[in-house]
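So the chains spell out like this:
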Amino acid sequence: MRILLVASAFNSLTQRVFAELGEHGHTVNVCLVGGHDDDVLRAAVRRDAPELILAPMLKSAIPRDVWSAHPCLIVHPGPAGDRGPAALDWAIHEGATRWGVTVLRADEVLDGGDVWAGADCPVPEIGKSDLYRNEVSDAALEAVLLAVTRFASGTYAPTPQHGPQWRVPDHTRPAHRQHLRRIDWANDPTDTVLRKLRAADSRPGVLDEFAGGEWYLHGGHAEDELRGAPGEVLAGRAGALCRATTDGAVWIPELRARGPAQVKLPARLALGDRLRGVPEVPAPLHLPEGRRTWSDIRYREDGPVGFLRFSFPSGAMDTTHCRRLLDAYRRACSRPTSVLVLGGGRDFFSNGIHLGVIEAAADPGRESWANIEAMDDLVEAVLTTTDRVVVAAVGGNAAAGGALLAMAADELWCRHGSILNPHYRLMGLYGSEYWTYTLPRRVGDAVAERLTRQALPVTAAGAQRLGLVDRVLPATPEEFGPEVARLARRMAAGSGAQARIAAKKSARERDEAAKPLSAYRAEELARMRRTFLDPNAPYHALRSAFVRKLPRK
């Protein structure tokens with residue numbers, strides 16, 4: 001079928017729906033619309049003549065003249081009967097343990113059209129954006145594929161949300177405003193604070209006033225040792241801040257200043273010198289079982305397998321993140337293991353350099369250069385590890401330099417719901433992280449050129465067929481880490497592990513003799529440097545629009 005996706009942004013779910021429908025043989029085009037772009041949608045409908053219009057993520061209503069003349073299906077991130085613009089916010093706020101996704105026809109009543117499909121999912125104690133990219137995304141794909149199949153059959157009759165056949169109560173809820181999100185530091189216990197933070201972790205954040213300003217708080221993690229007066233800033237760690245609650249404390253990784261087009265940043269960086277005297281508490285690399293605290297890099301061992309897990313907000317890695325992860329990687333490589341698993345968390349693997357920190361820098365061009373050099377150092381360390389097998393375990397999405405970091409490993413394992421974007425073109429960059437070596441090595445020159453030129457998302461299954469990915473795990477987000485651990489232990493126990501390590505070392509030596517890694521790096525960085533230091537390069541405007549959530553010009 002010819003399907004037109006209409007969306008407010010080409011976000012993770014829109015990308016996944018786009019890629020999955022394409023793999024199912026449909027011809028899919030995308031129309032991105034803002035709040036007042038009805039004519040843009042009308043023009044796309046005339047141009048593409050779609051048999052079906054599908055909205056995976058839409059913040060505005062489809063105009064009546066479009067939905068009345070064309071079949072339009074809306075993906076609503078809530079179960080049947082749920083209506084309103086803040087479904088996931090309310091689900092987390094009210095402590096739901098299960099939730100759902102409904103695909104329904106656009107109608108006069110918002111979220112009130114005939115239901116074509118639905119799927120449910122668990123709601124673990126995680127942030128809204130993590131939930132949306134993983135459990136909700138899985139449920140949405142299940143419901144979308146079922147709805148499209150039913151529509152294509154021409155025989156399925158959707159269920160109206162009224163009449164004797166409809167027994168689900170209408171539960172229409174308003175937007176989730178800041179007065180509901182506000183943290184009462186003097187009275188709210190840790191669990192309440194965490195629930196409020198998790199319900200707003202990506203957007204809009206929880207508005208709060210402290211340190212002489214108004215800030216949106218993003219992200220929240222429990223702390224079980226530090227204590228202080230409720231609301232007091234107790235410590236910093238790796239860019240995050242720890243604040244006391246009535247019965248404990250929480251870590252808040254990011255802040256965004258109140259005001260138009262402000263950039264979300266690591267909390268301590270956002271505050272600058274406003275909190276002088278707040279102690280920096282080292283991030284523990286090893287955590288004992290049952291400890292509740294926040295650390296973005298962790299290491300553990302299970303016999304001959306080392307597990308180096310990292311999780312940076314939104315998958316962005318600034319210069320300091322890269323250097324800290326490189327230090328942890330080198331320490332992991334000093335251990336007597338034969339298999340090292342890099343990643344393995346349930347959300348983002350990495351999205352490469354930190355565009356927000358770069359945007360906020362006094363000299364964004366020079367900070368871009370420092371960041372890409374630090375990423376290259378990290379990738380080089382992975383590529384030159386020849387005394388053990390390195391596995392990149394991608395539980396969520398990976399893009400740009402983060403995707404290339406994963407491809408530097410000997411094996412790349414993905415959860416089935418992961419989306420890869422192994423390119424930089426949409427940000428106006430040529431790219432680095434040794435992509436001119438690793439990408440052709442995996443897929444060949446022709447496919448590498450096509451992937452970087454087309455700049456389209458690739459599903460885990462599609463990436464495996466191309467050779468980008470070595471193994472796809474059909475696991476839930478919560479099952480992914482344990483399944484990776486099981487497979488890594490089996491790999492380490494296998495009889496061929498040492499032979500593989502020896503073969504890997506020989507292959508690296510042959511490749512180095514043919515063309516040194518330093519040559520690939522120098523060629524890539526020569527092009528990147530010109531872009532970074534040219535104030536008129538498109539990269540700077542594209543980066544600014546992206547991090548400030550502004551329309552691209």
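The text that follows walks through the structure, step by step, so that each part is easy to find.

### Here we look at the environment of alanine 485
By the element assignment, alanine 485 lies in helix H16 (residues 477-493). Classification of alanine 485 as buried rests on a relative accessible area of 4%. Expressed as a C-alpha distance, the spacing of alanine 485 and aspartate 302, which sit 183 residues apart in the sequence, is 8.7 Å. If sequence neighbours within four positions are ignored, alanine 485 has contacts with Arg300 and Phe307.

### Quick look at the packing of aromatic side chains
Scanning the model with the defined rule gives nine aromatic pairs in all. When the ring of phenylalanine 532 is compared with that of tyrosine 539, the centres are 5.4 Å apart and the planes differ by 55°; the resulting orientation is tilted. A relative accessible area of 2% places phenylalanine 532 in the buried class. Residue classification places tyrosine 539 among the buried residues on the basis of a relative accessible area of 0%. Joined through ring pairs, the aromatic side chains of Trp116, Phe151 and Tyr156 make up one cluster. The ring of tryptophan 369 has arginine 529 lying over it, and the distance from NZ or CZ to the ring centre is 5.0 Å. The positively charged end of lysine 549 is found above the aromatic ring belonging to phenylalanine 546, 5.7 Å away from the centroid.

### Remarks on helix H14 (residues 445-454)
Val447, Ala448, Leu451 and Thr452 are the residues of H14 that are buried. Down the axis of H14, the buried set is contained in an arc of 125°. They therefore lie on one face. Away from its buried face by more than 90 degrees, H14 exposes Asp445 and Ala446. Lining the buried residues of H14 we find helix H13 (435-443), strand S24 (458-459) and helix H15 (460-466). Just downstream of H14, alanine 455 is the residue with a positive phi angle, here 55°.

### Re the nonpolar core
Counting residues in each nonpolar core, the largest one holds 91 residues, and the members touching the most others are Leu217, Leu255, Leu308 and Tyr329. With eight residues, helix H11 (residues 364-383) is the single largest residue contributor to this core. Contact partners of leucine 308, with chain neighbours within four places excluded, come to Ile297, Arg298, Tyr299, Leu325, Ala328, Tyr329, Leu340, Val341, Leu342 and Gly343.

### Focus: the pattern of salt bridges
What the rule picks out here adds up to 46 salt bridges. Arginine 388 is paired through a salt bridge with aspartate 387; the nearest N and O atoms lie 3.0 Å apart. Via salt bridges that share partners, Glu373, Asp376, Asp377, Glu380 and Arg521 belong to a single interconnected network.

### With respect to the environment of leucine 404
Topologically, leucine 404 is positioned in helix H12 (residues 400-407). Taking the relative accessible area as the measure of exposure, leucine 404 reaches 0% and is therefore buried. Residues leucine 404 and glycine 259, 145 residues apart in the sequence, show an inter-C-alpha distance of 35 Å. Once residues lying within four places of it in the same chain are set aside, the contact partners of leucine 404 are Pro422, Tyr424, Glu433, Trp435 and Thr438.

### Here we look at the packing of H11 against helix H18 (residues 517-533)
At a minimum axis separation of 10 Å, H11 and H18 run at an interaxial angle of 165°. In terms of orientation, H11 and H18 fall into the roughly antiparallel class. Where H11 crosses over H18, the two elements pack in a sense that is right-handed. Here H11 contributes Gly365, Ser368, Trp369, Ile372, Glu373, Asp376, Asp377, Glu380 and Leu383 to the contact with H18, which in turn contributes Leu517, Arg521, Leu525, Met528, Arg529, Phe532 and Leu533. The class makeup of the residues in the contact of H11 with H18 is eight nonpolar, two polar and six charged.

### Let's talk about the sheet that holds strand S17 (residues 297-302)
Strand order in this open sheet of six strands is S17-S18-S19-S20-S22-S25, and the pairing throughout is mixed. At either margin of the open sheet sits one strand with a lone partner, and together these are S17 and strand S25 (471-473). Neighbouring strand axes in the sheet, compared pairwise and without regard to direction, differ in orientation by 20° on average. Taken together, the four bridges between strand S18 (residues 305-310) and strand S19 (residues 339-343) define a ladder with parallel strand orientation. Looking at S19, one finds that valine 305 is bridged to valine 339.

### Looking at the side chain of arginine 198
Take arginine 198: it is sitting in helix H7 (residues 190-198). Discounting residues that sit within four places of it in the chain, arginine 198 has contacts with Ile92, Glu125, Ile126, Gly127, Lys128 and Gly220.

### Remarks on the sheet that holds S24
Sheet strands line up and pair through hydrogen bonds in the backbone, either parallel or antiparallel. The mixed open sheet is built from three strands, whose spatial order is S21-S23-S24. Looking at strand neighbours, the two that pair on one side only are strand S21 (398-399) and S24, the edges of this open sheet. As paired elements, S21 and strand S23 (residues 419-421) share two bridges and run parallel to each other. In the sheet register, alanine 398 faces S23, and the bridge partner there is leucine 420.

### Quick word on H18
Helix length check: H18 (17 residues) gives 24 Å between terminal C-alpha atoms against 24 Å at 1.5 Å per residue, within 8%. Of the surrounding secondary structure, the elements contacted by the buried residues of H18 are H11, H13, helix H17 (497-514) and helix H19 (538-547).

### A closer look at the state of the cysteines
Scanning the entire structure with this criterion turns up zero disulfides. Its sulfur unpaired, cysteine 72 is 11 Å from the next cysteine sulfur, which belongs to cysteine 31. Residue cysteine 414 stays outside any disulfide, its sulfur separated by 20 Å from that of cysteine 322, the closest cysteine.

### Things to note about the pairing of S19
Along S19, five of the five residues are buried, which leaves the element largely enclosed by surrounding structure. Crossover S18 to S19 through helix H9 (residues 319-333) is right-handed. Bridging between S19 and strand S20 (residues 389-394) involves five bridges; their strand directions are parallel. Directly across from valine 339, in S20, lies its bridge partner valine 389.

Reading the values: the criteria
- Residues numbered from 1 in each chain as written.
- Predicted model: local features only at pLDDT ≥ 70, side-chain atom pairs only at ≥ 80, totals over all residues.
- Heavy atoms only, no water.
- Helix = DSSP H or I, 4+ residues; strand = E, 2+ residues; numbered from the N terminus.
- Buried < 20%, exposed > 50% of the residue type's maximum accessible area, 1.4 Å probe, protein only.
- Contact = heavy atoms within 4.5 Å.
- Phe/Tyr/Trp six-rings, centres within 6.5 Å; stacked < 30°, edge-to-face > 60°.
- Lys NZ or Arg CZ within 6 Å of the ring centre and 35° of its normal.
- Arc of directions from axis to C-beta.
- Core = buried A, V, L, I, M, F, W, Y, C linked by side-chain atoms within 4.5 Å.
- Salt bridge = Lys/Arg side-chain N within 4 Å of Asp/Glu carboxyl O.
- Axes fitted to C-alpha atoms, helices over the stretch in contact; angles between N-to-C directions.
- Parallel < 35°, antiparallel > 145°, perpendicular 65-115°, else oblique.
- Left-handed = near helix turned anticlockwise from the far one by under 90°.
- Nonpolar A, V, L, I, M, F, W, Y, C, P; charged D, E, K, R; others polar.
- Pairing = 2+ DSSP bridges.
- Expected span 1.5 Å × (residues − 1).
- Disulfide = S-S within 2.5 Å.
- Right-handed = clockwise from strand over helix to strand, strands pointing away.

Function cannot be read off these values alone, since they describe shape.
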